[in-house]
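Breakdown of the fold
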Amino acid sequence: MHSILLMTFKRLGLGLITLFIVSVIIFGAVEILPGDLAQEILGQSATPETIAAFRQELGLNQPPITRYLAWLGNMIQGDFGHSLANGRPISDLLGARFSNTLFLATYAALIAVPLALILGVLAALYRNTWFDRIANITTLSSISFPEFFIAYILILFLSVNHSIFPSLANISDSMPLSEQLYRTMLPAITLTLVVVAHMMRMTRASIINVLASPYVEMARMKGLSPARVIIFHALPNALAPIINVIALNLAYLVVGVVVVEVVFVYPGLGQLLVDSVSKRDITVVQAASLIFAGTFILLNLIADILSILSNPRLLNPR
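Rules of the game
- Here, residues in each chain are numbered from 1, in the same order as that chain's written sequence.
- Per-residue local features are limited, in this predicted model, to residues with pLDDT of at least 70; the limit for side-chain atom pairs, both in listing and counting, is 80 or more; totals at the level of whole chains, interfaces and linings are taken over all residues.
- With hydrogens and water set aside, each side-chain value is computed from the structure's full complement of heavy atoms.
- Cavity and pocket criteria rest on a 1 Å grid covering protein atoms alone: a 1.4 Å probe that fits but cannot get out defines a cavity, protein on both sides within 12 Å along at least 5 of 7 lines defines an open pocket, and an atom within 4 Å of a point defines a lining residue.
- Grid points are joined across faces, edges and corners, and a volume is the space filled by probe spheres set on the points.
- The way it works is that DSSP assigns letters per residue, a run of H or I at least four long becomes a helix, a run of E at least two long becomes a strand, and they are numbered from the N terminus.
- By the convention adopted, Pro, Cys, Tyr, Trp, Phe, Met, Ile, Leu, Val and Ala count as nonpolar, Lys, Arg, Asp and Glu as charged, and the other residues, Gly among them, as polar.
- Per-residue confidence from the predictor is given as pLDDT, running between 0 and 100.
- Nonpolar core, defined: a set of buried Ala, Val, Leu, Ile, Met, Phe, Trp, Tyr and Cys residues in which side-chain atoms within 4.5 Å join the residues together.
- Burial here depends on accessible area, computed with a 1.4 Å probe over protein chains only, as a share of the maximum for the residue type. Under 20% is buried, over 50% is exposed, and the range in between is partly exposed.
- Any two residues whose heavy atoms approach within 4.5 Å at even a single point are treated as in contact.
- One side-chain nitrogen of Lys or Arg within 4 Å of one carboxyl oxygen of Asp or Glu is enough to make a salt bridge.
- To get an axis, fit a line to the C-alpha atoms, keeping to the stretch in contact for a helix; angles then go from 0 to 180 degrees between the N-to-C directions.
- Orientation is classified from the angle alone, with under 35 degrees giving roughly parallel, over 145 giving roughly antiparallel, 65 to 115 giving roughly perpendicular, and any other angle giving oblique.
- Helix crossings fall into two classes, left-handed where the near helix is turned counterclockwise from the far one by less than a right angle and right-handed where it is turned clockwise.

With that settled, the discussion passes to the layout of surface pockets. The volume enclosed by the second largest pocket comes to roughly 250 Å³. The wall of the second largest pocket is formed by Leu16, Leu19, Phe20, Ser23, Leu72, Met75, Ile76, Phe80, Leu290, Ile291 and Gly294. When contributions to the lining of the second largest pocket are tallied by element, the ones reaching two or more residues are helix 1 (2-31), helix 4 (64-76) and helix 15 (282-310). For the lining of the second largest pocket, the element with the most residues is helix 1, which contributes four residues. Looking at the lining of the second largest pocket, its residues break down into nine nonpolar, two polar and no charged.

Quick look at the structure:
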């Protein structure tokens with residue numbers, strides 16, 4: 001337990017260092033954007049005096065390092081500042097949008113993870129059969145297409161040609177859960193088709209790798225059925241890489257939904273990020289990007305910890 005706690009603190013420290021480096025990259029990327037931010041926001045008709053006053057209000061007349069340290073200090077204290085577009089506190093904008101993104105990611109994960117595990121186990125159980133080949137071809141085909149292409153295909157067949165699901169995923173807190181699940185079915189299916197291949201193929205490969213172990217051979221010699229051998233003997237010992245790839249795909253479901261949210265006009269953090277970029281609302285762009293980065297780093301940390309808990313030998317890879 002002491003080794004696991006020590007490893008956790010080390011990974012947490014590395015995660016904080018990574019988040020700091022990402023914050024520098026985010027601020028630097030915004031800093032080198034072409035054009036003058038004050039001029040872009042106020043428009044071409046703004047007078048030089050108005051632009052100068054606005055730059056002073058935003059602190060743009062200060063050196064970049066000073067503005068970065070002030071921005072980072074406010075972020076650490078939980079002060080995200082105010083939106084340049086509407087003056088609202090950014091924390092209010094991010095709270096509702098991020099909860100919507102987490103809702104969609106959870107919805108897709110509840111579909112994708114069990115489906116991938118079942119397909120992976122069945123593909124390992126019926127290895128080199130027609131089922132194995134069809135499962136691999138189907139999942140690889142789905143992951144080969146970009147998200148927006150899959151989304152538009154689903155809209156065409158399930159919304160335009162057959163009015164089964166709505167093409168726009170507009171939800172609100174006042175809707176019942178059943179209505180929210182119905183309206184977000186198409187984006188959830190899109191995300192499922194994108195991530196299920198990775199998890200299924202890793203499950204299949206890990207189980208097949210474990211099937212060559214002596215204890216699995218002993219279980220077979222005892223007369224256990226192939227399904228029982230895989231589920232109760234091979235699968236528990238193949239969990240470490242499976243957990244890793246599941247956590248990575250869950251991270252993608254949270255931080256990689258920008259395209260899907262834009263296609264379905266879903267009111268999530270990705271849609272807010274795109275809208276803020278188009279409006280040059282830089283403060284919101286910085287805050288949203290940092291939240292995405294922090295979420296990705298945190299989920300990777302959780303993946304490492306769960307992998308080691310499922311296989312303590314990873315603490316000493318020698």
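A separate point is the confidence of the model for the protein chain. On average, residues of the protein chain carry a pLDDT of 83, and 95% of them reach 70 or more. Here helix 2 (residues 37-42) stands out as the least confident element of the protein chain, with mean pLDDT 69; helix 8 (residues 177-183) is the most confident, with 91.

The next subject is the nonpolar core. In terms of nonpolar packing, the biggest core is built from 69 residues, with Leu94, Met199, Ile207, Phe264 and Leu269 touching the most fellow members. With 16 residues, helix 5 (residues 90-125) is the single largest residue contributor to this core. Sequence-distant contacts of Leu269, defined by excluding residues within four places in its chain, comprise Leu94, Arg97, Phe98, Thr101, Glu261, Ala288, Ile291 and Phe292.

Next up on the list: the pattern of salt bridges. Overall, the coordinates contain two salt bridges when judged by the stated rule. With a closest N to O distance of 2.8 Å, Asp132 and Arg204 form a salt bridge. Pair noted here: Asp132 is in helix 6 (residues 130-144) and Arg204 is in helix 9 (residues 185-210), with a separation of 72 residues, a long-range link. Among the salt bridges present, the one from Glu179 reaches Arg183, with a minimum N-O distance of 2.8 Å. Placement of the pair is Glu179 and Arg183 together in helix 8, with a separation of four residues, close to one helical turn. The class for Arg183 is partly exposed, based on a relative accessible area of 23%.

The next thing to look at is the packing of helix 6 against helix 9. Across the interface, helix 6 lies against helix 9 with an axial gap of 7 Å and an inter-helix angle of 140°. As far as their axial angle goes, helix 9 and helix 6 are oblique. Where helix 6 crosses over helix 9, the handedness of that crossing is left-handed. Counting all contacts with helix 6, which are made through Asp132, Ala135, Asn136, Thr139, Leu140, Ser142 and Ile143, the residues of helix 9 involved are Leu193, Val194, Val196, Ala197, His198, Met200, Arg201 and Arg204. A per-class count over the contact of helix 6 with helix 9 returns eight nonpolar, four polar and three charged.

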